[in-house]
Amino acid sequence: MFLSIGSIIQIFVIIALFLVVLILVFSLFRAILIRNKEIKIIKFDSSDQNEIDYYLKKLFELIEIKTSSFEDDEAYHVFREKLKEQFPNVHNYFQKEKIKGNAIFTYKEKIEGAPNILLATHVDYKSKFQETRYEDEELFGNCTFDGKSLLFTIFEAVERSLSIGKLKVNLTIVMTTDDTTTKDGASSIVRHFLKKGKFFDLVLEEGSGIVDPIFLGLKSYYALIGIGVTGEAIVRFKTNKVSKGEARLKEFVKSIEDNGVFKAKIDRKSYKPLKEIAKDMSFCERLYFNNLFLFRSYAKKKINEEYLKLSKLLKTQIIYGEITENHDECYVDLTFELSTHTDTADIILALANNMEKYAVEYEIISNKESSKVTRVDDVGYKVINKAVKKVFKNLYTAPIIITQISEKRYFDKVSDCVIRFSPLYYPHQAYKDAMAGNEHVPIKSIIYGIRFFEEILNTYIRR
């Protein structure tokens, strides 16, 4: 006996309702199970006071040397001589090359079958002088937050390793003088490596790092391990001054601001970081982020409202310059900090109608496409991840695509595994102070940074 049409429809409705309930139950279980089991807070151990005093004295001597590109080369000469004095093993066992004021240190003994590792950092010095002082177990001064502190931890870790015996890896250390005025050091060095045919199993340069919960609005401390960098473009929009050119240009800029040209999007590159970080969120937020096929729009809204640091992964940000004019035309430069799913061509396409409407032309001033993304299953990433957990213990780790570090793209040409990460932990207040020009670093952070690099040098074996 055949079923009636009404009965068939009823069966399909029941099946559909059953599937909906099944999906919701599955989603709820994912939100319950995929979570951090505990809140993790970094706790530094009680280091020996002699050890603290030793590192403080050495780093203090480096920090107080003014190595600014605003000065002449004499300051860098003094700095390099101090490095020779402090790290004799590094200078005895490494060959040194100079390229346009930048330095490359290469371990002299070639170890067959060992991984090739490149550790890269820079030395800069702001034009505004900051007094070097020690206060409340923190060292204050130029380059304590950026540059010299990281360089010191690398050199000290290598120096200590060489005092015990030979290195187990083929190590290269790069020291550039890149800062706010010069960005050509890393690119010059990469061209040098390409000419020599040098390729690295792992490149580790500064970028992301260990952040307080408040930084991302989480509960636990996280080590954000940079596996890629988003793109950045500077585009000049211009128009002839005739026919109310300046007014048209203002309307063009206003149309971009008002209409929200760029939309948030969760793509394959941003999904992995969001999934890892979501483990530390509340139950409802884990429900959104672990079931994006159901709650993608809710997740994007939540990020835009409460997790602004993460929102830059999903949506292109615009920095607006001032409208300027010359004899014939007026123009404005807009800086686009690209999301993980946007490139420079997408910008021009998205603004094409606006440009036509207001008779505006464009000129690309700077175009830096996003970097390659390092795989989290790469041996180099696993080594870094393991070293972070072993040294710092009480934190979580997550891969992250970095925004706002426009110059960190050069080393992709000489390695498939480029990690942008610094093991120097800065409390949130230190981060805020550094952005305001008041740099300082906890001395215990230096000690842990040294342990981190020692762990890398002693455990990385090519597989």
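Refer to the structure presented above.
A quick note: this is a predicted structure, and the numbers were derived from the prediction, not measured. (Residues numbered from 1 in each chain as written. Predicted model: local features only at pLDDT ≥ 70, side-chain atom pairs only at ≥ 80, totals over all residues. Heavy atoms only, no water.)

### Some words on the packing of helix 2 (residues 49-63) against helix 3 (residues 74-86)
Interhelical geometry of helix 2 versus helix 3 gives an angle of 165° and a closest axis separation of 10 Å. Relative to helix 3, the element helix 2 is oriented roughly antiparallel. Note that helix 2 runs across helix 3; the crossing there is right-handed. Of the residues in helix 3, those touching helix 2 at Lys-58, Glu-61 and Leu-62 are Phe-79, Lys-82, Leu-83 and Gln-86. (Axes fitted to C-alpha atoms, helices over the stretch in contact; angles between N-to-C directions. Helix = DSSP H or I, 4+ residues; strand = E, 2+ residues; numbered from the N terminus. Parallel < 35°, antiparallel > 145°, perpendicular 65-115°, else oblique. Left-handed = near helix turned anticlockwise from the far one by under 90°. Contact = heavy atoms within 4.5 Å.)

### Digging into the pairing of strand 9 (residues 222-229)
With eight of eight residues buried, strand 9 is to be regarded as a mostly interior element. Note: strand 8 (residues 210-211) against strand 9, two bridges, orientation antiparallel. Its bridge partner lying in strand 9, Val-211 is registered against Tyr-222. Of the strand pairs in this sheet, strand 9 and strand 15 (residues 396-402) are connected by seven bridges, and their pairing is parallel. What sits directly across from Val-229, in strand 15, is Ile-402. (Buried < 20%, exposed > 50% of the residue type's maximum accessible area, 1.4 Å probe, protein only. Pairing = 2+ DSSP bridges.)

### Focus: the packing of aromatic side chains
This model, assessed by the stated rule, comprises 20 aromatic pairs. Here the aromatic rings of Phe-237 and Phe-252 are separated by 5.0 Å at their centres, their planes lie at 50°, and the arrangement is tilted. With Phe-237 in strand 10 (residues 232-240) and Phe-252 in helix 8 (residues 245-259), this pair connects stretches of sequence that are 15 residues apart. With a relative accessible area of 0%, Phe-237 lands in the buried category. Through pairs of rings, three or more aromatic residues link up here, namely Tyr-54, Tyr-55, Phe-87, Phe-105, Phe-152 and Phe-155. Across the ring face of Tyr-396, the terminal group of Lys-40 is positioned such that the distance to the ring centre comes to 4.7 Å. (Phe/Tyr/Trp six-rings, centres within 6.5 Å; stacked < 30°, edge-to-face > 60°. Lys NZ or Arg CZ within 6 Å of the ring centre and 35° of its normal.)

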